[in-house]
Amino acid sequence: MASKVALARSAGYRSGSVYASLEKLLLPLGGLGKFVKRGDSVLLKPNMLTAAPPESAVTTHPEVVKALAEMVIDIGGKPFIADSPALKSFDKVAEVSGMRAVAKRLGIPCFALGNSVDRKTGDEKMFKILEVSREALEADCIINLPKLKTHSMMLLTLAVKNMFGCVVGKRKAQWHLTAGLDRYYFAKMVVEVYDLLSPKLNIIDGILGMEGDGPGSSGKPVETSILAASGDGIALDRVMLSLLGVSPKNLLTNVVAGEIGAGETDIDKINIEGDTVSSLRPDSFLLPELEDMVPARGYAAKFIKKILKDQLVSRPLEDRSLCTLCGECVDICPTAVIKNEDKELEFDYNACIRCYCCVEICPEGAMKLYKPILAKVVSSI
Ligand code: SF4
Ligand code: SF4
């Protein structure tokens, strides 16, 4: 059966209006009852990257999570809110993002995905065993609730990337280390995590999206007024690429998903319901500049990249006027190449794998990307 993606225009986060917009959005997909059954334990998996308030667009808006939780309760399901923030304590993230207040109000659990277990994937997979959260694996139903955001390493973070949050805590940074500079390899890991967990429903909160140097505080909140949903997160991401005017080859998770047949990536084979792509397309949407959009395959490509890394790939550097020396970037760095030295940060760029976890995590938006001169010349040709 063809994958279906539903789109709806939705402005603002007023409590009743989000509920109504979600009901309208899900109608063409058969309503929430098509995905959730009475008695199901339902993991609501928002993006809870770090402790940032809803208006910063770093995390899924709590009103979206609240409305979904209410809908699940109405059906007789048992919702719980959970994620595994990259660094900050879950309690702090839950508090600041508004998730704790939602959970309290509805009397539902809200906790950190904590138990990491090995799960065999398949002989055809690149990663034969993946380590993901037990709670996510054991839920009867996962509703994936990503935020529409840009991503300095992967271009965009949408439905597929959001499930990477089910890799527990600092294991995420270690996976970055395993992938190194190879975005293709990292994309494959992300798609295989998505495929393993197979959320039953994916709903993108793009009412307030993020453009620029996302996905952390360096990105810029922008009113995009979009809600989008599908049982097929890969098809959903593919439709979002069309909506944002992004070439499908530029989102590596989409490329990888197409190669391994994890979901529908052919836009002509996706049924789009509700509002049209063209009616929701923003006038402008600023993407991060990625220098290396070519998948690294083969030893020659990897070798050349390693040699040219310093000349062609942006390097992270703190803006001292914004940096509070909180040390979060130091803690998250998978290669431990940032040192907090005498009131300023020092970087070992030779060992930096350009994963940009430091940019993602910085609560002040102080960690910026600086493009080398050669990269500027190349991109202007
Ligand atoms: S760059 Fe950001 S994360 Fe790093 S120490 Fe400064 S404020 Fe903290
Ligand atoms: S310095 Fe930043 S970009 Fe480089 S490896 Fe560490 S976290 Fe990744």
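Everything discussed here concerns the structure shown above.
Reading the values: the criteria
Here the residue numbers are simple positions, counted from 1 along each chain's written sequence. Key to labels: chains lettered from A, ligands numbered from 1, both in the order written. pLDDT decides what is reported in this predicted model: residues at 70 or higher carry local features, side-chain atom pairs at 80 or more are listed and counted, and totals for whole chains, interfaces and linings draw on all residues regardless. Hydrogens and water molecules were not included; the side-chain quantities draw on all heavy atoms of the structure. To get an axis, fit a line to the C-alpha atoms, keeping to the stretch in contact for a helix; angles then go from 0 to 180 degrees between the N-to-C directions. A run of H or I in DSSP counts as a helix once it spans at least four residues, and a run of E counts as a strand once it spans at least two, with each numbered from the N terminus. Oblique is the label for any angle not under 35 degrees, not over 145, and not in the 65 to 115 range, which are roughly parallel, roughly antiparallel and roughly perpendicular in turn. By definition, residues are in contact when any of their heavy atoms lie within 4.5 Å. Residue exposure (1.4 Å probe, protein chains only): buried if accessible area is under 20% of the type maximum, exposed if over 50%, otherwise partly exposed. It suffices for a single heavy atom of a residue to lie within 4 Å of a molecule or strand for the residue to be listed as near it. Throughout, the ten residues Ala, Val, Leu, Ile, Met, Phe, Trp, Tyr, Cys and Pro are labelled nonpolar, Asp, Glu, Lys and Arg are labelled charged, and all others, Gly among them, are labelled polar. In this text, buried Ala, Val, Leu, Ile, Met, Phe, Trp, Tyr and Cys residues form a nonpolar core when linked through side-chain atoms within 4.5 Å.

Q: Break down the packing of helix 7 (residues 171–179) against helix 8 (residues 183–197) for me, citing the residues and quoting the values.
A: Here helix 7 crosses helix 8 at 140°, and the two axes come no closer than 8 Å. The angle between helix 7 and helix 8 falls in the class oblique. Here helix 7 contributes Trp175, His176, Thr178 and Ala179 to the contact with helix 8, which in turn contributes Tyr185, Phe186 and Met189.

Q: Before we move on, could you go through helix 10 (residues 252–260) and cite the residues and values that matter?
A: Residues of helix 10 that are buried include every one of Leu252, Thr253, Asn254, Val255, Val256 and Ala257, and no others. Buried residues along helix 10 sit against helix 6 (159–162), helix 8 and helix 9 (233–244). Directly after helix 10, the chain includes Gly261, whose backbone phi takes a positive value near 65°.

Q: Tell me about the site of ligand 1, and name the residues and values.
A: For ligand 1, the full set of nearby residues is Glu318, Cys323, Thr324, Leu325, Cys326, Gly327, Cys329, Leu345, Cys362, Pro363, Glu364 and Met367. Grouping the constituent residues of the shell around ligand 1 by class yields 8 nonpolar, 2 polar and 2 charged.

Q: Describe the environment of Leu156, and please don't skip the residues or the numbers.
A: Tracing the sequence through the fold places Leu156 in strand 9 (residues 155–157). Given the relative accessible area of 2%, Leu156 is considered buried. In sequence terms Leu156 and Leu49 are 107 residues apart; their C-alpha atoms lie 14 Å from each other. Those residues within four positions of Leu156 in sequence are excluded, and the remaining contacts are Lys149, Thr150, His151, Leu241, Leu244, Val246, Leu251, Phe285 and Leu287.

Q: Help me get a handle on the environment of Ala2, residues and values and all.
A: Relative to the elements of secondary structure, Ala2 occurs in the segment before strand 1 (4–9). A sequence separation of 201 residues divides Ala2 from Ile203, and the C-alpha atoms of the two residues are 18 Å apart. Those residues in contact with Ala2 that lie beyond four places of it in its chain are Lys269 and Asn271.

Q: If you had to explain the site of ligand 2 to someone new, which residues and values would you point to?
A: Around ligand 2, the surrounding shell holds 13 residues, and the nearest of these are Cys333, Cys352, Cys355, Tyr356 and Cys358. Its residues assigned to classes, the shell around ligand 2 shows 11 nonpolar, 1 polar and 1 charged.

Q: Lay out the nonpolar core with the relevant residues and their values.
A: One finds Phe164, Phe186, Leu197, Ile338 and Met367 to be the most contacted residues of the largest nonpolar core, which totals 48 residues. Looking at this core, the elements that each hand over two or more residues are strand 3 (78–83), strand 6 (129–133), helix 7, helix 8, helix 10, strand 15 (344–347) and helix 14 (357–361). The dominant element in this core, judged by the number of residues it contributes, is helix 8, at 9 residues. Residues contacting Leu197, with those up to four places away along its chain left out, are Val132, Ala136, Leu137, Ile142, Met163 and Cys166. In this structure, Tyr19, Leu25, Val58 and Leu68 belong to the second largest nonpolar core, which totals 46 residues.

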